[in-house]
Amino acid sequence: MARYREAAKKAETLSLEEAVKKYMRNGISIAIGGFTSMNRVPTAWFWETIRQGFTDLHVIDRHASNATFLLNAAKRIKIYETDWAGWGEMAGKLDANFERRYKEGHIFYEDHTHATMAFRFLAGALGIPFIPAYSGTGSDQLNLAYDRLAKEGLRDGKNPRIPLKKFVQMKDPFFGDGTVNLYPAARPELGIVHVSRAGPKGTAGWRGIGTVDKEMAFACDKFIVTCEEIVPEEELRRIPELNQIPYFTVDAIVEVPYGAHPSGVPFYYDYDMPFMMAAQAASRTEETMKAWMDEWVFGPANWNEYILKLGAQKLLDLKADELTGYSTRIRRGKKPAPKMFEPLSVARFGY
């Protein structure tokens, strides 16, 4: 049946450690915001999740990222619904940790298209049980031989987060335009996004890529915002169109500077490609991956120590340029990007 929001939420402000302890649990179904490993991944949340020992997670993911890379490295995902098995774009197209876990039979992996996952979160946000789409037509996405959750007997109705079917096909009853696919809504228990700014009531926003973060806020039962900084709600009202997350969807706010590293937050800091490439290299064997995790996840006493470990020079290099939103200090190819003093269109075309 359709779900209705009965009352507005009242967001609480918690530390990273407090929020993870309160809202996480073993086996929880969880959605992860951001865009691949490039933009606004809530890394700090899952870094702390691993440290607190939560496991057997059911990840319902718009696309993989450095968050799922860490979770797979720590062997914490049990069910994985996603549209991409990579993690770092240029750093690592395939997550070797995920590949090992999948081949060993420890992850129940359900594959979808990019559009299908976006539509599923939209359906969840609208409170409807399913949504029609042509996405996946003609591919093995619609081959029931690859329905892993059905093969494992998990579509038996016992878990309300797992739909009874991966999809249903029907004839278009309105225009006769052939067969259309019906996909079940995504209904995670918990959603996590990282944003640039949030207000004390929970209003949140960012500049740059958004993907389905807004839909996640409405689709999830509980919703957490981690942010670079908490600012007055009045400040957020100056440019209201940048506030994609309304306060009444948010349960908790966590201020955690650099909480998306090694992904970036546009106009705050850039993504850290050398760091991701080092992690990708470490993932080639379980032994080197464990050593990397011991150093970067379990070694620091807290997230602040993790950031201190990165070093002042690294943070200065990643600092974003106010005009472009990205760093002009880090190398992209053979040399750093040029410092800009006028909009790109003016520099290139004169207007």
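Residues numbered from 1 in each chain as written. Predicted model: local features only at pLDDT ≥ 70, side-chain atom pairs only at ≥ 80, totals over all residues. Heavy atoms only, no water.

Q: How would you summarise a nonpolar patch on the surface if you had to cite specific residues and measurements?
A: On the surface, F119, L122, L126 and I128 cluster together into a nonpolar patch covering about 300 Å² of accessible area. Residue position: F119 is located in helix α5 (residues 114-126). (Patch = residues over 30% accessible without salt bridge, like charges linked within 9 Å, V, L, I, M, F, W, Y side chains within 5 Å. Areas by Shrake-Rupley, 256 points an atom, 1.4 Å probe, with all protein chains shown as cover. Salt bridge = Lys/Arg side-chain N within 4 Å of Asp/Glu carboxyl O. Helix = DSSP H or I, 4+ residues; strand = E, 2+ residues; numbered from the N terminus.)

Q: Quick rundown of the sheet that holds strand β6 (residues 130-133)? Include the residues and the values.
A: Here we have three strands laid out as an open sheet, ordered β6-β8-β7, and antiparallel in their pairing. Each edge of the open sheet is held by one strand with a lone partner, namely β6 and β7 (168-171). Between one strand axis and the next, the sheet turns by 35° as a mean value, whatever way the strands run. One ladder, built from four bridges, connects β7 with strand β8 (residues 179-184); its direction is antiparallel. Bridge pairing in β8 places M170 opposite V180. Most of the contacts of α5 go to β6, to which it runs at about 145°, and overall it touches β6 and β8. (Pairing = 2+ DSSP bridges. Axes fitted to C-alpha atoms, helices over the stretch in contact; angles between N-to-C directions. Contact = heavy atoms within 4.5 Å.)

Q: Tell me about the nonpolar core, and please be specific about residues and values.
A: Formed by 57 residues in total, the largest nonpolar core has its most connected members in M24, I30, W45, L190, W292 and M293. Residues within four places of M24 in sequence aside, it is in contact with A19, I30, W45, T49, F54, L57 and L190. Grouped together as the second largest cluster of nonpolar side chains are 22 residues, V195, A198, V212 and F223 included. (Core = buried A, V, L, I, M, F, W, Y, C linked by side-chain atoms within 4.5 Å. Buried < 20%, exposed > 50% of the residue type's maximum accessible area, 1.4 Å probe, protein only.)

Q: A description of the packing of helix α2 (residues 43-51) against helix α3 (residues 66-73) should follow, citing residues and the corresponding values.
A: At their nearest, the axes of α2 and α3 sit 9 Å apart, and the two run at 10° to each other. Judged by the angle between their axes, α2 and α3 are roughly parallel. Counting all contacts with α2, which are made through T43, F46 and I50, the residues of α3 involved are N66, A67, L70 and L71. (Parallel < 35°, antiparallel > 145°, perpendicular 65-115°, else oblique.)

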